[in-house]
Structures are given as structure tokens and as C-alpha cells.
Amino acid sequence: MELTEIDDDIEAFLVESYENLNQIEQDIIYIEKTAEQGEALVRIYRSLHTIKGNCGFLPFPKLESLAHAGENLLSSLRDRQLAITPTVINTLLQILDSIRQILSQIEATRHEGDRDYSALITTLTQLQSTEPPIMASTVNPQGLQVNYDITHLNNELPEVSTLTASESSQIRVNVNLLDQVMNLVGELVLTRNQVIQFSTKFKDSSFAATCQHLSLLTSQLQEEIMKTRLQSISTIWQKFPRVTRDLAIAAGKQVKVDMEGIDTELDKSIIEAIKDPLTHLVRNCIDHGIELPAERTACGKSSVGRLFLRAFHESGKVNIEIGDDGRGLDLEKLKKRAQQLGLVSAVAAASMSETEAINLIFLPGLSSSEQVTNLSGRGVGMDIVKNNIDKINGTIEIYSQQGQGTTFKIKIPLTLAIIPALIVTSDGDHYAIPQVSIQELVRLEAQAINQIEMFYDVPVYRLRDTLIPLVYLNQVLQIPNNDTNLEMFSLVIVQVDNYQFGLVVDTIEDIQDIMVKPLGKQLKAQSLFAGATILGDGTVTLIIDVVGLANRSGVTAKQKQLLIENGIKDQDQNIDRQTILLFEGPEGARMGIPLSIAFRLEEILCSAVEKVGNQDVVQSYGKILPLIDLHKVFSHSSENDLCDRIRANLAETLQIVIVSPSSELNVALVVDRILDIVEEPLTITGVSSRPGVLLCAVFQGQITEILDIEAVIRIANPHLLQLITNG
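Parameters at a glance
Residues numbered from 1 in each chain as written. Predicted model: local features only at pLDDT ≥ 70, side-chain atom pairs only at ≥ 80, totals over all residues. Heavy atoms only, no water. pLDDT = per-residue confidence, 0-100. Helix = DSSP H or I, 4+ residues; strand = E, 2+ residues; numbered from the N terminus. Contact = heavy atoms within 4.5 Å. Patch = residues over 30% accessible without salt bridge, like charges linked within 9 Å, V, L, I, M, F, W, Y side chains within 5 Å. Areas by Shrake-Rupley, 256 points an atom, 1.4 Å probe, with all protein chains shown as cover. Salt bridge = Lys/Arg side-chain N within 4 Å of Asp/Glu carboxyl O. Core = buried A, V, L, I, M, F, W, Y, C linked by side-chain atoms within 4.5 Å. Buried < 20%, exposed > 50% of the residue type's maximum accessible area, 1.4 Å probe, protein only. Lys, Arg positive; Asp, Glu negative; His and termini not counted. Polar contact = N/O pair within 3.5 Å; in protein donor to acceptor, adjacent residues only side chain to side chain.

### Digging into the confidence of the model for the chain
Model confidence for the chain is summarised by a mean pLDDT of 76, while 78% of its residues fall at 70 or above. Here strand β1 (residues 147-150) stands out as the least confident element of the chain, with mean pLDDT 41; helix α12 (residues 293-298) is the most confident, with 91. Note that pLDDT drops below 50 for residues 133-168; the model gives that stretch 83 contacts with residues more than four away or on any other chain. In this model, residues 568-575 is a region of pLDDT below 50 whose contacts with residues beyond four sequence positions or in other chains number 4 contacts.

Here you go:
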């Protein structure tokens with residue numbers, strides 16, 4: 001056999017063995033805390049048998065002997081000839097750790113190493129002859145209870161079955177190959193953007209249709225390739241039950257683990273980068289945060305501490321929260337400790353804010369533990385956690401309340417993804433803003449510019465009676481602006497956490513799919529940018545990090561006063577206010593819908609409209625989007641077919657409003673003209689005027705028909721509503 005073939009066999013063996021070990025570890029933790037142990041024991045036995053069998057094809061006799069001894073012990077447990085006791089559980093975990101050691105040695109040197117495991121094999125043999133043949137209750141070695149409550153993890157154990165045809169059809173692909181394919185797809189997306197930009201210069205409908213088809217195929221390919229790199233965060237979290245068990249026993253504590261969002265998917269590169277930081281935070285919560293059972297009982301708490309892990313997507317970032325209900329951070333103790341170690345001066349400590357005091361925990365060499373143990377006290381860890389998060393352009397924040405617990409909140413930007421972004425310009429340079437952060441777009445002309453006020457040294461604009469702080473992009477980037485007499489500029493209203501601010505730019509161009517590429521070394525220290533991309537014309541464009549921009553401009557620091565001012569304004573107006581998107585409908589009718597269900601506003605080429613059966617559709621962002629022409633719903637004219645009207649009017653573009661009446665359905669309303677977005681008291685002047693209208697209200701002094709979206713869809717094509725019903 002060729003050496004390269006042997007290496008390939010070893011790589012495949014290692015991958016499969018590590019997968020088996022992960023499943024074994026979950027099952028061992030499971031049988032420790034439940035009486036339903038039969039299926040889990042069978043799975044552990046089969047996994048060990050697989051590892052032993054694979055060793056027969058490769059020169060790893062030491063690993064084969066250890067797996068065989070473990071297999072014999074599992075056989076006795078499975079046949080109920082042996083009791084499941086704390087000693088047995090610890091021995092099974094020791095087998096697991098020993099196999100991992102051998103696999104690590106094989107991975108590094110292609111040999112098993114010189115470590116001797118004969119003593120462990122002897123212990124396994126003795127256990128089978130000394131343990132009583134009855135089933136014992138599940139208690140850990142120190143009599144401490146360790147609870148696990150893991151959402152969607154081992155709640156229902158899968159049935160043990162033989163290998164199916166679908167499982168055997170799967171293949172393993174090298175990650176480097178996926179990286180190359182991903183890069184090629186990114187370049188294809190950029191080329192697609194160039195072709196579409198090029199197609200707008202020609203009035204050839206066939207060429208435009210071909211470009212639209214190319215766009216659809218590229219989007220679908222991009223979406224599928226992205227899926228191959230995404231991994232569930234469970235690949236990290238499945239290790240935490242074992243980690244929590246061992247740490248709780250070592251520290252003499254009782255811990256309950258809650259996990260939410262275990263199906264949240266991240267890019268593989270991010271998974272690898274955050275594995276160690278998350279593990280360290282879990283260790284910190286158990287060692288420093290959660291108190292001993294007696295201490296918790298004395299404080300009126302349950303003797304069982306709670307450790308929670310939560311993951312979700314928000315504002316284009318992956319949010320991960322890890323926290324406990326323990327003692328919280330003692331800020332005065334932290335300050336004194338930092339002074340004792342010479343990390344801060346007494347004057348600096350006395351003038352620190354609460355946030356600054358909490359962030360002392362990130363200083364190298366600082367530890368709140370008075371004694372050095374095998375778990376903590378050396379003053380290394382939290383600074384490394386922060387450095388590792390910083391390397392992937394993430395942020396970590398700490399929220400703590402003494403006596404109630406501490407929560408670590410991590411936000412990780414998309415460093416390897418293809419996302420829709422708004423392209424804007426400032427002083428001739430292009431910048432990209434992720435669409436998920438954008439609330440709305442506002443154009444300010446000369447009269448409106450004069451309404452900009454100064455509030456707490458921050459320029460603000462009163463938008464629908466709400467003070468919106470303004471950030472001038474060119475000023476934050478320190479770009480000299482020669483044009484001081486602007487008669488018009490644009491605002492991009494951006495959402496950051498729980499507040500909004502307006503980003504002042506020169507022009508707003510278009511929304512494009514962009515390939516997010518990591519920044520070079522020269523720009524990594526800049527908190528203003530989350531990455532870079534290449535536009536269709538070949539220019540390199542920086543992607544703005546809206547959180548970093550808000551912090552750099554000082555908006556975040558002043559936001560508390562602005563929120564108070566806006567809160568006072570809201571209290572003075574105890575009237576039901578609604579934010580409504582206004583547009584012109586058939587026969588000049590003034591219509592509106594709640595902005596909360598309006599997903600996106602677009603202008604599409606008429607040539608992009610296609611007909612499938614009786615339904616007009618358009619391809620948008622890799623999906624087939626149904627079009628609902630309001631003329632067909634409300635007009636009594638015989639010429640209400642959308643394609644006929646397009647031909648009759650010789651129009652080049654259509655304005656559409658993409659609405660989402662439910663998470664399962666998106667449709668596009670074809671409107672005559674977008675008018676405005678307003679937030680005014682809702683004054684009902686009449687009930688439904690005709691089918692498809694929910695009510696009539698007065699906005700900007702004019703009667704407006706507020707549409708009932710589900711009723712409109714029912715009139716246009718009731719088949720579409722089945723998606724909502726089935727969902």
C-alpha cells in the first residue's frame with residue numbers, strides 16, 4: 001500500500017474515532033443521571049466495537065487492546081451482570097480520556113506512543129469480577145448532585161439501527177477544499193455583480209433575462225456552499241456536560257446546565273476560534289461564580305447553581321451568552337486586587353465607572369482567587385479569552401450584579417459570509433453597511449437640514465417626533481470635506497442594540513450581495529470596519545461596523561440622555577402611534593401598511609417579471625417571489641393583467657414592497673409609487689371601505705386605506721395562504 005494511501009486511511013480513522021468518542025461521552029453522562037440506560041449502553045458498546053474493529057486494519061495494537069477491554073466491561077453492563085456505580089462511570093470516562101490520548105499521539109506522529117495502559121486494562125478486568133450484579137442509583141463519587149437540563153440535546157435518544165443507504169452515501173471532504181470552493185463562489189458572486197451592472201447599459205430583454213437567470217443560479221450555489229461550511233454550535237456545547245460534571249465534582253458544587261439555541265449555526269472557522277474561550281468562561285462560572293451549596297442555602301438560594309448558555313443570531317452577528325446565578329463580581333474587591341498587583345493606581349481605581357471596574361477582569365495577571373488551585377488563581381485566562389475574541393473581530397461584554405450572578409455576552413461578526421449590504425458614498429469613496437442593521441433611509445433637503453439641532457453636544461434630527469442622533473461618516477473617518485454648502489444629503493437610520501442613530505452620507509446607491517473578506521493587519525486595529533469586499537466595478541470597499549462607529553463617534557455615551565428625552569416626549573403623548581409605509585395604489589388611491597411587516601422596498605426591471613401558471617413571479621435573492629398587483633386586487637378595469645399593463649405603459653421598472661405576513665411566506669406588492677414612512681397618532685375615520693382594506697385612517701391630513709395583507713393575498717391567490725396554514 002502506498003504511504004499516501006496509509007495516511008488517508010489514518011485520517012479517515014481519526015475523524016470517525018473522534019466522532020464516536022463524542023457520542024460515547026454524551027451517553028456516559030446520560031446514563032449517570034437516568035434510569036433509562038439500555039439504549040445508551042448499546043450505543044457505547046457499538047462505538048467501542050467500531051474503534052476496535054478499525055484498529056484491526058491499522059497497526060495500533062495498544063488502542064485495540066484498550067478498546068477491547070472497554071468493550072468487555074460494556075458487555076457486562078449491557079447484559080446487567082454489572083452495576084452502574086460511580087466507580088464504573090469514572091472508569092468509563094478514564095477509558096475515554098485514554099483513547100483520546102492515543103488518538104492525539106497518532107494524529108501527531110502516526111504512532112501510538114510509549115504510554116503504558118496496562119494498569120487501566122487490569123482495573124477494567126477487576127471491575128467485572130468485583131462489582132455486585134445489581135443496578136445501583138446514580139450518584140457521583142462525592143455524593144454530589146449534578147443536574148443537566150439541555151434543550152434539544154439527548155432529550156430523545158435515537159433508535160439504534162443499522163447503517164442506512166442515505167448514511168452510506170455521505171462522504172468526507174477536506175476542509176481546505178471547501179475553503180477553496182468557497183473562495184471561488186465569492187469570486188463568482190463578484191463577477192455576477194459586474195455582469196448585472198454591465199447589463200443595465202443595454203436594452204436587450206433576452207440578455208437581461210439571461211443575467212437574471214445567472215443571478216438566480218449564483219445565489220443558489222452560494223447558499224448551498226455556505227451550508228457546507230456551517231456547523232451547529234452543538235459541536236462545542238456537547239462537550240460541556242462532561243466539563244461541568246468534572247468541575248462541579250472537583251469544586252464540591254451542584255450545577256444545573258440550561259442550553260438554548262443549540263442549533264445556531266456558525267462558520268467552521270469561527271467554531272474553532274471560540275471553542276477555548278467558551279470553555280474557559282464555563283470554568284469561570286463554575287469556579288468563581290456559583291457558590292458552594294451551604295453558602296447558597298444561607299443566602300436563600302437553591303443549593304443547585306444554574307449555568308446557562310444561549311446562542312442566537314441578531315443584527316448580522318452571532319450572539320453567545322454564558323452566565324450563572326452565583327455571587328456576581330465584587331467590584332471593590334477587584335479594584336483592591338488590581339492595586340495589590342500594581343495593575344492600577346489608587347487614584348485611577350477611585351474614579352472608575354462600574355463598566356471600567358468590571359473590565360479589570362481582562363487585565364493580564366489579575367485573578368480574584370486568593371489561592372492558586374488546579375482550576376484558577378494564576379491570573380491567566382480572561383485576557384486570553386478577550387484576545388481570542390478580538391482576533392475574529394468580536395466583542396465581549398460583562399454584566400454582573402452582586403449576589404445575583406454574572407453574564408458574559410459575546411458578539412461575533414460575519415467574517416466569512418455573503419450578505420446583502422447597502423452601498424453608500426462619502427466624499428467619493430464607497431462603503432458597505434450590512435442590511436440587517438438598517439431600519440430606513442431618509443433624504444434631507446435644504447429645509448430639513450436647517451432643522452438639525454444640537455443636544456448634549458450631539459447633532460440630532462427630529463424624525464417623527466423622535467430625536468435621532470447624527471453621525472457624519474466623513475468626520476468620523478477624518479476625511480476633509482471641501483463641500484461645506486450641501487443642499488441635500490442622505491441619512492441611513494441604523495439600529496444598534498436598543499437605540500438608533502442616523503449615519504450621514506453623500507449618496508445611497510444600491511443593495512448588493514457582497515463577499516465579506518477579513519481585514520488586513522493594517523486595519524484590524526480599527527474598530528470602525530467589520531471587513532472588506534470588492535464591488536462589481538472592481539473597487540475595494542470597506543464594510544462599516546455600526547457598533548464601532550457608534551462608540552467612536554460618542555453617540556453611545558450620549559444615548560442615555562437621548563432616551564430619557566424621547567421617553568418624556570412619549571409620556572406627553574399618550575396616543576396610539578403607528579409607523580406606516582405610505583404608497584400610491586390603483587386609481588391614485590392613498591394606501592398604507594404597517595412598517596413592521598414591510599421587509600424591503602425594491603425597484604425591479606419589468607423584464608424580470610415572469611409568469612408561472614396564473615401567478616406573476618420575480619427572482620429575488622435566490623428565491624422565487626410571488627408578485628401581487630394591487631390593480632388586479634382593487635381595480636375593476638378589464639386590463640388588469642400585470643404583463644399587459646407593462647406592455648401598454650412601456651415602463652422599464654416596477655416599485656415593489658416585499659411583505660412578510662408570516663415567517664413562511666414573503667410576497668411582493670406591486671405599487672404605483674412609494675410616498676413616505678410616517679409615524680402619527682392612528683385616527684380611525686371609517687371601517688373597511690372594500691375587500692382587502694382593514695380600516696381607514698388619517699395620516700398627514702389625508703384619508704388612507706390600511707391594507708389587510710392576508711385578505712389581499714386571499715383575493716389575489718388564496719393558494720399562497722396554505723404556506724401560512726401548513727407552517
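Alright, that's what it looks like, and here's the rest.
### Let's talk about a nonpolar patch on the surface
Side chains of Ile171, Val173 and Leu177 sit close together on the surface and give an oily, nonpolar patch of about 300 Å² of accessible area. Residue position: isoleucine 171 is located in the loop between α6 (165-168) and α7 (175-199).

### Considering the nonpolar core
Counting residues in each nonpolar core, the largest one holds 46 residues, and the members touching the most others are Trp237, Ile274, Leu278, Leu307, Leu309, Ile320 and Ile322. With near-sequence residues (within four places) excluded, isoleucine 274 lies in contact with Ile236, Leu266, Ile320, Ile389, Ile392 and Ile412. One finds Ile84, Ile89, Tyr117 and Leu124 within the second-largest nonpolar core, a separate group that totals 40 residues.

### Quick look at the environment of threonine 579
Topologically, threonine 579 is positioned in strand β20 (residues 577-584). Residue classification places threonine 579 among the partly exposed residues on the basis of a relative accessible area of 25%. The spatial distance from the C-alpha of threonine 579 to the C-alpha of isoleucine 593 is 8.7 Å, given a sequence separation of 14 residues. Excluding residues within four positions of it along the chain, threonine 579 makes contact with Ile593, Pro594, Leu595, Ile677, Val678 and Glu679.

### What about the side chain of aspartate 324?
Within the element layout of this structure, aspartate 324 appears in strand β6 (residues 317-324). Buried aspartate 324, no salt bridge; nearest opposite-charge side chain is arginine 296, N-O distance 6.7 Å. There is a polar contact of 2.8 Å between the side chain of aspartate 324 and the backbone nitrogen of glycine 326. Contacts of aspartate 324, omitting those with residues within four sequence positions, involve Cys285, Gly289, Ile290, Arg306, Phe308, Gln404, Gly405 and Thr406.

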